[in-house]
Amino acid sequence: MGHQPTFIEKIAEKVGLIPTLRADESPLPSLTEPGKLQGFPPPEKWDDWEEYEATGWARKEKKKYSIVPTTCFNCESACGLLAYIDKTTGAVRKFEGNPYHPASRGRNCAKGPATINQITDPERILYPLKRTGERGEGKWERVSWDNVLDDIAGKIRKALQEKRHNEVAYHVGRPGHEGYMDRVLKSWGIDGHNSHTNVCSSGARFGYNLWHGYDRPSPDHANADFILLISAHLESGHYFNPHAQRIIEGMMAGAKLAVMDPRLSNTASMANYWMPSYPGSEAAVLLAMAKILIDENLYNRDFVENWVNWKEYLEHDHPGTSLTFENFITKLKEVYTEYTPEFAENESGVKAEMIINVSREIGKAGSRFATHNWRAAGSGNLGGWAVARCLHFLNVLTGSVGTVGGTSPSAWNKFKPNFFDNPPAQKFWNELHFPKEYPLAFFEMSFLLPHFLKEGRGKLDVYFTRVFNPVWTYPDGFSWIEALTDKSKIGMHIALTPTWNETAYYADYVLPMGHASERHDINSYETHSGVWIAFRQPVLREAARRNGKPFTFTYEVNPGEVWEEDEFWIELSWRIDPDGSLGIRDHFKSPYRKEEKITVDEYYQFILNILKA
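Residues numbered from 1 in each chain as written. Predicted model: local features only at pLDDT ≥ 70, side-chain atom pairs only at ≥ 80, totals over all residues. Heavy atoms only, no water.

1. Description of the sheet that holds strand S5 (residues 129-131)
Taken together, the seven strands give an open sheet; going across it, the order is S6-S5-S17-S16-S15-S7-S8, and neighbouring strands pair in mixed fashion. In this open sheet, the two edge strands, each paired with only one partner strand, are strand S6 (140-142) and strand S8 (193-195). Adjacent strand axes in the sheet meet at a mean angle of 20° when their direction is disregarded. Relative to strand S16 (residues 490-496), strand S15 (residues 460-466) runs parallel, the two being bridged by six bridges. By the bridge assignment for S16, Phe464 is matched with Ile494. Contacts from helix H4 (residues 180-188) reach strand S7 (168-172), S8 and S15 within the one sheet, and its direction differs from that of S7 by about 170°. Taken strand by strand, helix H19 (residues 477-484) contacts S7, S15 and S16, and its axis lies near 120° from that of S16. (Pairing = 2+ DSSP bridges. Helix = DSSP H or I, 4+ residues; strand = E, 2+ residues; numbered from the N terminus. Axes fitted to C-alpha atoms, helices over the stretch in contact; angles between N-to-C directions. Contact = heavy atoms within 4.5 Å.)

2. Some thoughts on the packing of helix H3 (residues 145-161) against helix H21 (residues 565-576)
One can describe the packing of H3 onto H21 by two numbers: an axis separation of 8 Å at closest approach and a directional angle of 55°. By the criterion of interaxial angle, the relationship of H3 to H21 is oblique. Considering how the two elements wind past one another, H3 and H21 form a crossing that is right-handed. Side by side, H3 and H21 meet where Trp145, Asp146, Leu149, Asp150, Ile152, Ala153, Ile156, Arg157 and Leu160 of the first sit next to Phe568, Glu571, Leu572, Arg575 and Ile576 of the second. (Parallel < 35°, antiparallel > 145°, perpendicular 65-115°, else oblique. Left-handed = near helix turned anticlockwise from the far one by under 90°.)

3. Quick word on the environment of Lys597
Take Lys597: it is sitting in the loop between H21 and helix H22 (600-612). Take Lys597: its relative accessible area is 24%, and that puts it in the partly exposed class. Aside from chain neighbours lying at most four places away, what touches Lys597 is Ile570, Glu571, Trp574, Phe588, Ser590 and Glu602. At a separation of 2.7 Å, a polar atom in the side chain of Lys597 contacts the side chain of Glu571. (Buried < 20%, exposed > 50% of the residue type's maximum accessible area, 1.4 Å probe, protein only. Polar contact = N/O pair within 3.5 Å; in protein donor to acceptor, adjacent residues only side chain to side chain.)

4. A short note on empty space enclosed by the protein
On inspection of all chains with the given rule, the structure shows four cavities of 30 Å³ or more. One number sums up the size of the largest cavity: a volume of about 80 Å³. The residue makeup of the lining of the largest cavity, split by class, is six nonpolar, five polar and one charged. (1 Å grid on protein atoms, 1.4 Å probe; cavity = no way out; pocket = protein on both sides within 12 Å on 5 of 7 lines; lining within 4 Å. Points joined across faces, edges and corners; volume = space filled by probe spheres on them. Nonpolar A, V, L, I, M, F, W, Y, C, P; charged D, E, K, R; others polar.)

5. Brief notes about the sheet that holds strand S2 (residues 62-71)
Reading across the sheet, the four strands line up as S1-S2-S3-S4 and stay open at both edges, with antiparallel pairing between neighbours. Edge positions in the sheet fall to strand S1 (49-52) and strand S4 (92-97), since each of these pairs with one other strand and no more. Taking the axes of each pair of neighbouring strands and ignoring which way they run, one obtains an average angle of 40° across the sheet. As paired strands, S1 and S2 are joined by four bridges and run antiparallel to one another. Bridging from a neighbouring strand, Glu50 pairs with Lys64 of S2. Across the sheet, helix H20 (residues 539-546) lies against S2, strand S3 (80-86) and S4, angled at about 120° from S2, the strand it touches most.

6. Remarks on the nonpolar core
Inside soluble globular proteins, nonpolar side chains tend to come together where they are buried. Counting 46 residues, the largest nonpolar core has Leu228, Met275, Leu286, Met289, Ile355, Ile362 and Leu394 as its most contacted members. Every residue in contact with Met289, bar those within four places of it in the chain, is listed here: Leu228, Met260, Met275, Ile355, Val358, Ser359, Ile362 and Leu394. By size, the runner-up hydrophobic cluster in this structure holds 44 residues, among which are Ala153, Tyr509, Leu511 and Tyr604. (Core = buried A, V, L, I, M, F, W, Y, C linked by side-chain atoms within 4.5 Å.)

7. Points about the side chain of Arg135
Position of Arg135 among the secondary structure elements: in the loop between S5 and S6. Here Gly491 takes part through its backbone oxygen, which lies 2.9 Å from a polar atom of the side chain of Arg135. Beyond its immediate chain neighbours, meaning those up to four positions away, Arg135 contacts Leu484, Thr485, Asp486, Lys487, Ile490, Gly491, Met492, His493, Tyr506 and Asp508.

8. Structural notes on the layout of surface pockets
Considering only enclosed or pocket space, the largest pocket measures out at about 1100 Å³ in volume. Every residue lining the largest pocket is counted, 38 residues in all, and those nearest its centre are Asp182, Arg205, Asp215, Lys416 and Phe443. Here the lining of the largest pocket takes four residues from H4, the largest share from any one element. Built from parts of two domains, the lining of the largest pocket gets at least three residues from each of domain 2 (129-192 + 426-511) and domain 3 (202-413). Taken as a whole, the second largest pocket holds about 850 Å³ of empty space. Around the second largest pocket, the lining comprises 27 residues; the ones closest to its centre are Trp211, Val308, Asn309, Arg389 and Phe393. Among the elements of the structure, helix H5 (202-212), helix H10 (301-307), helix H11 (310-317), helix H12 (325-335) and helix H16 (385-398) are those that each provide at least two residues to the lining of the second largest pocket. Here the element with the most residues in the lining of the second largest pocket is H16; it accounts for six residues. Of the residues belonging to the lining of the second largest pocket, the class tally is 21 nonpolar, three polar and three charged. (Domains from an automatic or database assignment.)

9. A few points about the packing of aromatic side chains
Taken as a whole, this structure holds 37 aromatic pairs when the rule is applied. With 6.2 Å between their ring centres and 50° between their planes, Phe226 and Tyr273 make a pair best called tilted. With a gap of 47 residues between them, Phe226 in strand S10 (residues 226-230) and Tyr273 in strand S12 (residues 273-275) connect regions that are remote in the sequence. Taking relative accessible area as the criterion, Tyr273 reaches 15% and is therefore assigned buried. A ring pair is formed by Tyr336 and Tyr339, whose centres lie 5.7 Å apart and whose planes are at 65°; its orientation type is edge-to-face. Grouping aromatic residues by their ring pairs yields a cluster made of Trp145, Tyr170, Trp188, Phe464, Phe553, Tyr555, Trp563, Phe568 and Trp569. Lying across the ring of Tyr84, Lys94 places its NZ or CZ 4.5 Å from the centre. We note Arg519 situated over the ring of Phe73; from NZ or CZ to the ring centre the distance is 4.7 Å. (Phe/Tyr/Trp six-rings, centres within 6.5 Å; stacked < 30°, edge-to-face > 60°. Lys NZ or Arg CZ within 6 Å of the ring centre and 35° of its normal.)

Written out as structure tokens, the structure reads:
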């Protein structure tokens, strides 16, 4: 029933003090056929969707929308979004979840719908800006994209022609795409990629890589019988939304959850077993669990015997020992003698009884044992890589590798695109990123960059920072300010960012790049047991295409002159090599139009056509 006006409201309506509140009493038609997706517009209606205006409820004010799918860009999960574009104003009105996204399935955390706040932020950067005063002085002028591209391209071209390849660098915080920049930098012939990873996830990645050559796990939480998480993974960890959904699904189906976290986090509060270990002691608990699995014969003999190089181990560490599996287990028990539950309790604070109980639950789960560890324990402690190393050993012992309900190497559940062109690998090694004194560094030692520059170990002639704010996020931000303000160390600094940040303040160019709904990317992550791909796209570009509006570049339909990075790198690379003498242009020629520059549509057309085939 509609709202029934009171006597006072009826008088107010008649004298015009308030709009009419009397609602149409006819029943509202169902938006869709009853079913699981009833709360979402069906795809066949996305081009012309009609719904009532939320702020005009009593008046039943109708709004017409064009709905365009894209993906969120506020963490690495790349959950699906639907952008509602008002057909009257042409503006994005709101974002909701996309139920057809295979990882997030329409369920988004608060950051997804909050994308609307980012694209409507009144203080966002809408036009390319060039510094006019000294770095950090805060004086800027608006310039054209043509001038920006020509200036930067000229600097890079000169550096390449003079064989100063290591003076060009691209420093990224969160990539959000599948291999795009690696291809660009290789086409320039530089070892120019730097990242934040060694202050983030490198420790955990290294531990996994030692096991199977891939740098992260892909757990099948939804089908597990027992789940072990290191730290607060469910509500704040890697791929937390898609993983959280499947952890809860697994628990609803009967799985038990153990969380090893010093804090009583939201995740730990939902667990069957909370194991509040001292920070940095996680490996001791995991070694004790391995001992129990071995001692109590809870391991998967068939898997271990066939997939572990135990013969090589015996030959190397116990020469002369007969090469039988029984002898391997005997030697393994000897190696693990000291790692008792009591030892682990003394090291970690976790009660020995709980360690024993959880270990037996793991053994009972067998091949349906799902695990995950990412940043906290791996990056926050000396030797943190050993946590992932020890954790995955439990999967190996139980044979829960590549199984339903188990834990697979990441690439087994990840789509890797085939590009239209693959430039050769770089022939230059940049010691500003991988210094010789750190030969085992698994990723770039980015936090040392300003110190190396101050020591005179090199310089940067062209330096890009992208979704990266080291002045704020790194522990020695003032060292970064020192380097960024010294033109003899950094010749030109270009900040690619949607908004102002502390690092962009010290740039020579601040170039506005698009948010989730203003750029192209393809995304594929190991969020669950299955290979999937999502397509991030500039939604106003797609709306313009639907409406037959002509445009050449995304920035022509984005707010202001906000560029998308894919087109930026194509244009910049083309201008670096105007006559083709550097060989760069060869890697940016259309696979469909001979000798012509590739467009962003053609770039993704090639990848998606291969996928379709």
